[in-house]
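Descriptive analysis of the structure
Next come the chains, spelled out residue by residue.
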Amino acid sequence: IPERAQGPLRIHDLGIVRFVLERATSTDDAFTIVQHLPLEYTLERFDVGIHYLIADPSGTVAVYERGGYHSIRQLTDGDGEVLTNTSRMEDEISCDRYKTVTDNLDSVVDTVTALNVLRMARNEDLTVWSAAFDLKALRFDLCVEQEYDKPHSFSFSEEMSRGNMQYDFSLLKLKNVQTVE
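Heads up: these notes are all about the structure in this document. As the structure is a computational prediction, the values presented were derived from the model and not from experiment. Starting afresh in each chain, residues are numbered from 1 along the sequence in its written order. At least 70 in pLDDT is required for a residue's local features to be given in this predicted model, at least 80 for side-chain atom pairs to be given and counted, and no such filter applies to totals for whole chains, interfaces and linings, which use all residues. Calculated side-chain values reflect all of the structure's heavy atoms, with hydrogen atoms and water omitted.

**Digging into the packing of aromatic side chains**
Centres within 6.5 Å are what make two rings of Phe, Tyr or Trp a pair, Trp counting through its six-membered ring; a difference in plane orientation under 30 degrees is then read as stacked, over 60 as edge-to-face, and the rest as tilted. One pass over the full model with this rule turns up 4 aromatic pairs. For the pair Phe140 and Phe154, a centre-to-centre distance of 5.1 Å together with 20 degrees between the ring planes defines the contact as stacked. Placement of Phe140 in strand S7 (residues 139–144) and of Phe154 in strand S8 (residues 152–155) is noted, with a sequence separation of 14 residues between them. Like Phe154, Phe140 is buried. Ring plane angle 25 degrees and centroid distance 5.3 Å describe the contact between Phe140 and Phe156, whose orientation is recorded as stacked. Highlighted residues: Phe140 in strand S7 and Phe156 in helix H5 (residues 156–161), separated in sequence by 16 residues. Partly exposed describes any residue whose relative accessible area lies between the buried limit of under 20% and the exposed limit of over 50%, with all areas from a 1.4 Å probe on protein chains only and scaled to the type maximum. The exposure class assigned to Phe140 is buried, which follows from its relative accessible area of 10%. Helix numbers and strand numbers start at the N terminus; a helix is a DSSP run of H or I with at least 4 residues, a strand a run of E with at least 2.

In structure tokens form, the structure reads like this:
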């Protein structure tokens, strides 16, 4: 794999997501872009360890992690890929959440069962959101604030047919919050 290109273009860790979505037509394209762009990883007060899970409807998945870890492979039926906040360069077996997900991956048949596994693996104090993606149906379910019984469901095809190329997650309302009129 060639070295990352050096140059004037600097994209931050979240900006690369949009950059890739606007340009890549496959996991291979996205992986190549992420590998070759010099990214700004540092925030004002600390250095953030960033890693990405990239997937497409063909079942090709890639994991890219700042610092050197990367993989790209083709999933087979019933296969999956797991990524947690723990670095792949560290011993993932020592990550309880990674182990919980990998131990229960065989039980996942749809986004509902995927969210059940993510519920088991959540960090009760820190998990803000969890998402399960169905690459064949081109949809995903998002749970905010650990509301696993009340996911927000999105169809990529429907959102794009409405002209939505991005979604402002700050507009989502927590489903267990009641408004006072």
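**Looking at helix H1 (residues 15–23)**
For H1, the full list of buried residues reads Gly15, Ile16, Phe19 and Val20. Around the axis of H1, the buried residues are gathered within 130 degrees of arc, so they sit on the same side. Turned more than 90 degrees away from the buried face of H1, the exposed residues are Leu21 and Glu22. Taken from the helix axis, the directions to the C-beta atoms give the arc we talk about.

**Focus on the environment of Phe154**
For Phe154, a relative accessible area of 8% gives the class buried. For Phe154 and Asp141, which are 13 residues apart along the polypeptide, the C-alpha to C-alpha distance reads 6.3 Å.

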